[in-house]
Number of protein chains: 2
Amino acid sequence: VTTEADPRFQRSREAIVNAARELLLAHGPAAVTHNQIAELAEAMATVRLPFFDGAASPYRGWLTRELTALARQLDQHDVRAVTTTLSSTALWDTAMDARRAGFAEILSQRLSAALAQAEKQGEFSPRTDAANAAALAIGPLYYRATIERAVADASLIEQCVVAAGTWHSP
Amino acid sequence: VTTEADPRFQRSREAIVNAARELLLAHGPAAVTHNQIAELAEAMATVRLPFFDGAASPYRGWLTRELTALARQLDQHDVRAVTTTLSSTALWDTAMDARRAGFAEILSQRLSAALAQAEKQGEFSPRTDAANAAALAIGPLYYRATIERAVADASLIEQCVVAAGTWHSP
């Protein structure tokens, strides 16, 4: 079961946060040097993203749990700080851009693979290209956390699950 | 018709970009001082967001055009730079956070009002709380532009329209 107390989250968050907290939270991005950005990018390279792993039937319940875990992580101030700093600095720093691209690719591939598995089992029908699944399922949670700066409740998470495609009872 | 050449976009982009380009693109966020962030926040306060205005039947076509215009803006490097810098610096700068909250509220209110109008005309049925509409419709485009750094094609935009709720022919 994927919960906030899951050690996967603890480990990955600690690795990123140790490198980033002092830099970002104490002084803001204005105090961060190019060297420190490079260090942060290195720290991120060691992190294994703890999302969309271990897909299993029933897949709809699995996806709901994974998106709930992701939303709970995005409720954390430090996770928001690292994520928005990554997306911002990636625009001018090639090392950070490589991390951004890597994370985006991993999330998209894992989710596509899981949905393909669910489709094979007759539990899911895609409505669109598999390459759109991550944006449709994760995008609303990311917007809620970093633009609206509010909590993703169960009703938003449910709509993200539905946005991924059409679900059928296993 | 809302297009890239629409003067609304030109004016608002110029106002933001004049204040931000030198700061962000030449040196990156690391070169931006607190005073400059404050100036950027002021520049943003003068901008009228050119999205989700003038809703009219048929509403599905209107929303498709508005989301397409938004996606085309998010394809621009400078718009991505300003947006991600806003979401990042808002975490530690209260003036920027007030701008972020203001923009998020305006987008959410305009979209909710338009969908309520569409519902009254029998063209739309919500599937979820109106407060979720902005995250569901805009979130995937924002994620595609700033995390996946790729173009939102017509199929993703169509899925964003569908994610907002159920549409009926007028």
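Right above here is the structure, for reference.
Calculation rules
Counting from 1, residues in each chain are numbered in the order their sequence is written. Chain letters and ligand numbers both follow the written order, the letters beginning at A and the numbers at 1. Where local features are concerned, this predicted model is filtered to residues with pLDDT of at least 70; where side-chain atom pairs are given and counted, the filter is 80 or more; whole-chain, interface and lining totals use all residues. Hydrogens and waters are ignored; side-chain quantities use all the structure's heavy atoms. Contacts are assigned to residue pairs that have any heavy atoms within 4.5 Å of one another. Summed over both partners, the accessible surface that disappears when two parts come together, traced with a 1.4 Å probe, is what is meant by buried area. Criterion for a salt bridge: a side-chain nitrogen of Lys or Arg within 4 Å of a carboxyl oxygen of Asp or Glu. For the purposes of these results, a polar contact is taken to be a pair of N or O atoms within 3.5 Å, where, inside protein, one atom must be able to donate a hydrogen and its partner to accept one; residues adjacent in sequence count only when each atom of the pair is a side-chain atom. Helix and strand labels come from DSSP, where a helix needs a run of H or I of at least four residues and a strand needs a run of E of at least two; each type is numbered from the N terminus. Here the nonpolar group is Ala, Val, Leu, Ile, Met, Phe, Trp, Tyr, Cys and Pro; Asp, Glu, Lys and Arg are the charged ones; every other residue, Gly included, is treated as polar. What makes a nonpolar core is a set of buried Ala, Val, Leu, Ile, Met, Phe, Trp, Tyr and Cys residues whose side-chain atoms join them at distances within 4.5 Å. For every residue, the accessible area obtained with a 1.4 Å probe (protein chains only) is divided by the maximum for its type, and the residue is called buried under 20%, exposed over 50%, and partly exposed between those limits. A pair of aromatic rings is counted whenever rings of Phe, Tyr or Trp (Trp by its six-membered ring) have centres within 6.5 Å, and the orientation is called stacked for planes under 30 degrees apart, edge-to-face for over 60 and tilted otherwise. By this rule the span expected of a helix is its residue count minus one, scaled by 1.5 Å. Fitting of the copies onto one another was done by least squares over C-alpha atoms, counting residues only where both copies have pLDDT of at least 70. In plain terms, two cysteine sulfur atoms within 2.5 Å form what is called a disulfide here. What the bend at a residue measures is the angle between two axes, fitted to the seven residues ending there and to the seven starting there.

Caption draft 1: Structural detail: the interface of chain A and chain B. On the side of chain B, 46 residues touch chain A, which itself brings 46 residues to the contact. In total, chain A and chain B occlude about 3,800 Å² of area from one another, counting both sides; carbon and sulfur atoms represent 61% of this. Our count for the chain A to chain B interface comes out at two salt bridges. For the salt bridge of Arg149 of chain B with Asp97 of chain A, the shortest nitrogen-to-oxygen distance reads 3.0 Å. The interface formed by chain A and chain B holds 12 residue pairs in polar contact (both at pLDDT 80 or more) in total. Of all the secondary-structure elements, those providing two or more residues to the side of chain A that touches chain B are helix H4 (77-89), helix H5 (94-120), helix H6 (133-146) and helix H7 (154-163) of chain A. Examining the composition of the side of chain A that touches chain B, we find that 10 residues originate from one element, H6 of chain A, more than from any other. By residue class, the composition of the side of chain A that touches chain B is 22 nonpolar, 16 polar and eight charged.

Caption draft 2: Molecular detail of the nonpolar core. In this structure, Phe52, Leu67 and Leu141 of chain A together with Phe52, Leu67 and Leu141 of chain B are the most contacted members of the largest nonpolar core, which totals 81 residues. Residues in contact with Leu67 of chain B, not counting those within four places in the same chain, are Phe52, Ala137, Ile138, Leu141, Ile157, Cys160 and Val161 of chain B.

Caption draft 3: Seen up close, the pattern of salt bridges. Scanning the entire structure with this criterion turns up 14 salt bridges over all chains. In this structure, Glu158 of chain B engages Arg60 of chain B in a salt bridge whose closest nitrogen and oxygen atoms are separated by 2.6 Å. Highlighted residues: Glu158 of chain B in helix H7 (residues 154-163) and Arg60 of chain B in helix H3 (residues 59-74), separated in sequence by 98 residues. Relative accessible area serves as the criterion here: at 30%, Glu158 of chain B is assigned to the partly exposed category. For Arg60 of chain B, a relative accessible area of 33% gives the class partly exposed. Two residues, Arg144 of chain B and Glu148 of chain B, come together in a salt bridge whose shortest N-O distance is 2.7 Å. Each member of the pair, Arg144 of chain B as well as Glu148 of chain B, carries the same accessibility label: buried. Look at the salt bridges and you will find they share partners, linking Arg72, Asp75 and Arg80 of chain A into a network.

Caption draft 4: Focus on the packing of aromatic side chains. Within the structure shown, the criterion is met by seven aromatic pairs over all chains. Relative to Trp167 of chain B, the ring of Phe124 of chain B has its centre 4.7 Å away and its plane inclined at 55°; by these criteria the two rings are tilted. Residue Phe124 of chain B is found in strand S1 (residues 124-126), and its partner Trp167 of chain B is found in strand S2 (residues 165-167); the two are separated by 43 residues along the sequence. Using a relative accessible area of 3% as the deciding quantity, one classes Phe124 of chain B as buried. Through pairs of rings, three or more aromatic residues link up here, namely Tyr142 and Tyr143 of chain A together with Tyr142 and Tyr143 of chain B.

Caption draft 5: Quick look at H3 of chain B. For H3 of chain B, which comprises 16 residues, the first-to-last C-alpha distance of 22 Å matches the rise-based estimate of 22 Å (1.5 Å per residue) to within 8%. For H3 of chain B, the full list of buried residues reads Tyr59, Trp62, Leu63, Glu66, Leu67, Ala69, Leu70, Ala71, Arg72, Gln73 and Leu74 of chain B.

Caption draft 6: Main features of the side chain of Asp97 of chain A. Among the structural elements, Asp97 of chain A can be located in helix H5. One polar contact links Asp97 of chain A to Arg149 of chain B, side chain to side chain, over a distance of 3.0 Å. Other than its neighbours up to four places away in sequence, Asp97 of chain A contacts Ala90 of chain A together with Arg149 of chain B.

Caption draft 7: Structural view of the relation of the copies chain A and chain B. Of the two same-sequence chains, chain A is brought onto chain B (RMSD 0.0 Å, axial shift 0.0 Å) by a rotation of 180°. With respect to symmetry, the two chain copies, as superposed, fit the operation of a two-fold axis. A high fraction, 100%, of the interface residues of chain A reappear at the interface in chain B, so the copies pair face to face through one surface.

Caption draft 8: Structural view of unusual backbone geometry. Between Ser57 of chain A and Pro58 of chain A the backbone carries a cis peptide bond, its omega angle lying at -5°. Within the fold, Pro58 of chain A resides in the loop between helix H2 (34-45) and helix H3 (59-74). You will see that Phe52 of chain B, though not glycine, has its phi angle at about 65°, which is positive. In this structure, Phe52 of chain B sits in the loop between helix H2 (34-45) and H3. Take Phe52 of chain B: its relative accessible area is 2%, and that puts it in the buried class.

Caption draft 9: The arrangement of the environment of Thr84 of chain A in detail. With respect to the helices and strands, the residue Thr84 of chain A is situated in helix H4. The class of Thr84 of chain A is buried, set by a relative accessible area of 1%. Leave out the neighbours within four places in its chain, and Thr84 of chain A touches Tyr142 and Thr146 of chain A together with Thr84, Ser87, Ser88 and Leu91 of chain B. Looking at Thr84 of chain A, its side chain comes within polar contact range of the main-chain oxygen of Arg80 of chain A, at 2.9 Å.

Caption draft 10: Here's a closer look at the state of the cysteines. Within this structure, the stated rule accounts for zero disulfides over all chains. The thiol of Cys160 of chain B is not disulfide-bonded; the next cysteine sulfur, from Cys160 of chain A, is found 11 Å away. We classify Cys160 of chain B as buried; its relative accessible area is 0%.

Caption draft 11: Focus on helix H6 (residues 133-146) of chain B. All names here are of chain B. Across its 14 residues, H6 extends 20 Å between first and last C-alpha, which sits within 8% of the 20 Å expected from 1.5 Å per residue. At Gly139, H6 is deflected by roughly 40°, the largest bend along its length, and proline Pro140 occurs up to four residues later in sequence. Buried residues dominate H6, accounting for 14 of its 14 residues.

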